[in-house]
There are 2 protein chains.
Amino acid sequence: MNVEILCLGILSRSDATGYEIRKQVTEGPFSHFYKAGFGSIYPALRKLSERGLIRCTLQAQEKRPDKKVYAIAPAGRQALAEALRRPPGPDAVRSDFLFLSFFSHLAPAEILREAFDERIAWLRAKIDTMRGHREGCDMSPGEAFTLGYGLAVYEAILAYLESNRDDLGAPNPAPVDARISGAAE
Amino acid sequence: MNVEILCLGILSRSDATGYEIRKQVTEGPFSHFYKAGFGSIYPALRKLSERGLIRCTLQAQEKRPDKKVYAIAPAGRQALAEALRRPPGPDAVRSDFLFLSFFSHLAPAEILREAFDERIAWLRAKIDTMRGHREGCDMSPGEAFTLGYGLAVYEAILAYLESNRDDLGAPNPAPVDARISGAAE
DNA sequence: GGTTGCATGTAAATGGTTACATGATTGT
DNA sequence: ACAATCATGTAACCATTTACATGCAACC
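Described in the following lines is the structure provided in the data block. All values reported here derive from a predicted model rather than from experimental measurement. (Residues numbered from 1 in each chain as written. Chains lettered and ligands numbered in written order. Predicted model: local features only at pLDDT ≥ 70, side-chain atom pairs only at ≥ 80, totals over all residues. Heavy atoms only, no water.)

**Some thoughts on a nonpolar patch on the surface**
Residues and elements named next belong to chain B.
Link 1 in the chain: A cluster of nonpolar side chains, contributed by Tyr19, Phe38 and Tyr42, occupies part of the molecular surface with about 310 Å² of accessible area.
Link 2 in the chain: By the secondary structure assignment, Tyr42 is in helix α3 (residues 38-50).
Link 3 in the chain: Looking at Tyr42, the relative accessible area reads 40%, which means it is partly exposed. (Patch = residues over 30% accessible without salt bridge, like charges linked within 9 Å, V, L, I, M, F, W, Y side chains within 5 Å. Areas by Shrake-Rupley, 256 points an atom, 1.4 Å probe, with all protein chains shown as cover. Salt bridge = Lys/Arg side-chain N within 4 Å of Asp/Glu carboxyl O. Helix = DSSP H or I, 4+ residues; strand = E, 2+ residues; numbered from the N terminus. Buried < 20%, exposed > 50% of the residue type's maximum accessible area, 1.4 Å probe, protein only.)

Shown next as structure tokens:
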């Protein structure tokens, strides 16, 4: 499964520009299980157009350059359905964070602490926006399912990090009042 | 973080051949957060050798071709430590399974059912071997942490799949006795 | 007799990232 | 004045996958 199929999937839900597709991938409902930037999306759209799987309408805008709004074509729906008939392979995960955790004994404590703090903050924010999103919008069963999946995973990770961060020598920084009475680092 | 750094990390724990490294990546403690095949490992080892980060000893074997056992060099340890000083970027996840789930309304029910069954079976097996591994071996804190992390994630996913699979029209196949007294499909 | 495991590698193709290139508008 | 958002795209580079190529030993 590649960026082209991803674009077909997104366009099967509603027309969009390359810019909007990228937004859906980086912030929207696909962000839990796919990444793609401009550098892969725009070429993918061009190729899909050339093969007749999507079509493109120029939309003039006031005070802005023209938009290229893409829409899925019948052949595109067919190609998407075809891709969806093939059993999915295993997930691909690559985590530099876990690599760092694995070799935490070789890393500076400060880097570890920072990495944990950042990740925990990120998880909290993500979980918050996802919960909000679940309430506000009405969703297809598929969208609700993947959102719930992502939430379940992020919540499990957050809980794990919060209760196990001390195991790696990346303990929480001393609370503020400890500094006043305690020793400096 | 790339395969070269991964190899350095693995070799920092013990000497190994390319074949053994690949085994550790596909089945061992790294399998939860990294993938790599022969096609990327062997070239990585060659490059690391050329740059003097690892060294290689030929080990003759009876009835087998020679083994190339690699060991990390001081410069290699330094390079690893350096890589570990850089704060980790976000995780990269790519899941065809979630893509299929998202667009489940466009996919054949049979494919969905199969995908769920397979994934659930895979998760159960993985969780089992990981639990066994946790008991049997003594581990570095980092290894124990990442193992626990992987377990937490896999357990959360398994629980989610088991309780929500019906939402997508991929219900469990009818139990065996239902077939005897019930209607055919 | 066939499959799995040990053991090493290369070449081509795929797929994606990063950096560059451009430019107006809106908000702080 | 500066940053962010909207908006599109290309070119060079990077990393990884896939397929190929080889061969013996052990097990079923």
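**Re empty space enclosed by the protein**
To find leftover empty space, a probe the size of one water molecule is rolled over the atoms.
Residue and element names in this part refer to chain A.
Link 1 in the chain: Tallied over the entire structure, the rule returns 1 cavity of 30 Å³ or more.
Link 2 in the chain: Its boundaries defined by the atoms lining it, the largest cavity holds a volume of some 30 Å³.
Link 3 in the chain: For the largest cavity, the full set of lining residues is Pro29, His32, His133, Glu143, Thr146 and Leu147.
Link 4 in the chain: No other element matches the 3 residues that helix α7 (residues 141-164) contributes to the lining of the largest cavity.
Link 5 in the chain: For the lining of the largest cavity, the per-class residue count stands at 2 nonpolar, 3 polar and 1 charged. (1 Å grid on protein atoms, 1.4 Å probe; cavity = no way out; pocket = protein on both sides within 12 Å on 5 of 7 lines; lining within 4 Å. Points joined across faces, edges and corners; volume = space filled by probe spheres on them. Nonpolar A, V, L, I, M, F, W, Y, C, P; charged D, E, K, R; others polar.)

**What about the relation of the copies chain A and chain B?**
Link 1 in the chain: Rotating chain A by 180° and translating it 0.0 Å along the rotation axis places it on chain B, where the RMSD comes to 0.0 Å. Within this description, the copies of the chain are treated as partners about a two-fold rotation axis. For chain A, the minimum C-alpha distance to the rotation axis belongs to Val93 of chain A and amounts to 2.3 Å.
Link 2 in the chain: Most of the interface of chain A is mirrored in chain B: 100% of its interface residues are interface residues there too. (Least-squares fit on C-alpha atoms with pLDDT ≥ 70 in both. Contact = heavy atoms within 4.5 Å.)

**Some details on the protein's contact with DNA strand D**
Residues and elements named next belong to chain A.
Link 1 in the chain: Taken together, 20 residues sit near DNA strand D, with Tyr19, Tyr42, Gln61, Lys68 and Arg94 positioned nearest.
Link 2 in the chain: Counting only the atoms of DNA strand D that lie within 4 Å of the protein, the sugar and phosphate share comes to 71%.
Link 3 in the chain: Between DNA strand D and Tyr19 there is a distance of 2.8 Å, counted from a phosphate oxygen to a side-chain nitrogen or oxygen.
Link 4 in the chain: Between a phosphate oxygen of DNA strand D and a side-chain N or O atom of Gln61, the distance comes to 2.7 Å.
Link 5 in the chain: Each residue belonging to the surface near DNA strand D can be placed in one class, and the counts come to 5 nonpolar, 8 polar and 7 charged. (Near = heavy atom within 4 Å. Polar contact = N/O pair within 3.5 Å; in protein donor to acceptor, adjacent residues only side chain to side chain.)

**As for the environment of Glu155 of chain A**
Residue and element names in this part refer to chain A.
Link 1 in the chain: One can find Glu155 in helix α7.
Link 2 in the chain: The spacing of Glu155 and Ile127 is 28 residues in sequence and 7.3 Å in space, taken between C-alpha atoms.
Link 3 in the chain: Those residues in contact with Glu155 that lie beyond four places of it in its chain are Ile127 and Arg131.
Link 4 in the chain: At 2.7 Å, the side chain of Glu155 forms a polar contact with the side chain of Arg131.

**Section: the protein's contact with DNA strand C**
Link 1 in the chain: In the neighbourhood of DNA strand C, 20 residues make up the surrounding shell, with Tyr42, Gln61, Lys67, Lys68 and Arg94 of chain B lying closest.
Link 2 in the chain: Take the atoms of DNA strand C that sit within 4 Å of the protein: sugar and phosphate atoms are 66% of them.
Link 3 in the chain: In this structure, a phosphate oxygen belonging to DNA strand C sits 3.0 Å away from a side-chain N or O atom of Tyr42 of chain B.
Link 4 in the chain: Interatomic distance of 2.6 Å between a side-chain N/O atom of Arg94 of chain B and a phosphate oxygen of DNA strand C.
Link 5 in the chain: Breaking the surface near DNA strand C down by element, the ones donating at least two residues are α3 (38-50) of chain A together with α2 (18-26), α3 and β2 (64-72) of chain B.
Link 6 in the chain: Of the residues belonging to the surface near DNA strand C, the class tally is 5 nonpolar, 8 polar and 7 charged.

**Quick notes on α3 of chain B**
Residue and element names in this part refer to chain B.
Link 1 in the chain: In this model, α3 (13 residues) spans 18 Å end to end at C-alpha, consistent with the 18 Å of a helix rising 1.5 Å per residue.
Link 2 in the chain: Listed as buried for α3 are Ile41, Ala44, Leu45 and Leu48. When α3 is viewed along its axis, its buried side chains cluster within an angular range of 100° and face the same direction. Opposite the buried face of α3, by more than 90 degrees, sit the exposed residues Gly39 and Glu50.
Link 3 in the chain: Elements that come into contact with the buried residues of α3 comprise α1 (3-13), α2, β1 (54-61) and β2.
Link 4 in the chain: Positive phi appears at Gly52, one or two residues downstream of α3, with a value of about 75°. (Expected span 1.5 Å × (residues − 1). Arc of directions from axis to C-beta.)

**Regarding the interface of chain A and chain B**
Often the size quoted for an interface is simply the accessible area lost on bringing the parts together.
Link 1 in the chain: At the interface, 59 residues of chain A touch 60 residues of chain B.
Link 2 in the chain: Carbon and sulfur atoms supply 72% of the area buried between chain A and chain B, which totals about 5,800 Å² over both sides.
Link 3 in the chain: Its salt-bridge partner being Arg119 of chain A, residue Asp91 of chain B comes within 2.8 Å of it at the nearest N-O pair.
Link 4 in the chain: For the interface between chain A and chain B, the tally reads 16 residue pairs in polar contact (both at pLDDT 80 or more).
Link 5 in the chain: Within the residue set of the side of chain A that touches chain B, elements represented by two or more residues are α1 (3-13), α4 (74-83), β3 (92-94), α5 (96-102), α6 (109-136) and α7 of chain A.
Link 6 in the chain: Residue contributions to the side of chain A that touches chain B peak at 15 residues, all from α7 of chain A.
Link 7 in the chain: When grouped by side-chain class, the residues that make up the side of chain A that touches chain B number 39 nonpolar, 11 polar and 9 charged. (Buried area = accessible area lost by both parts, 1.4 Å probe.)

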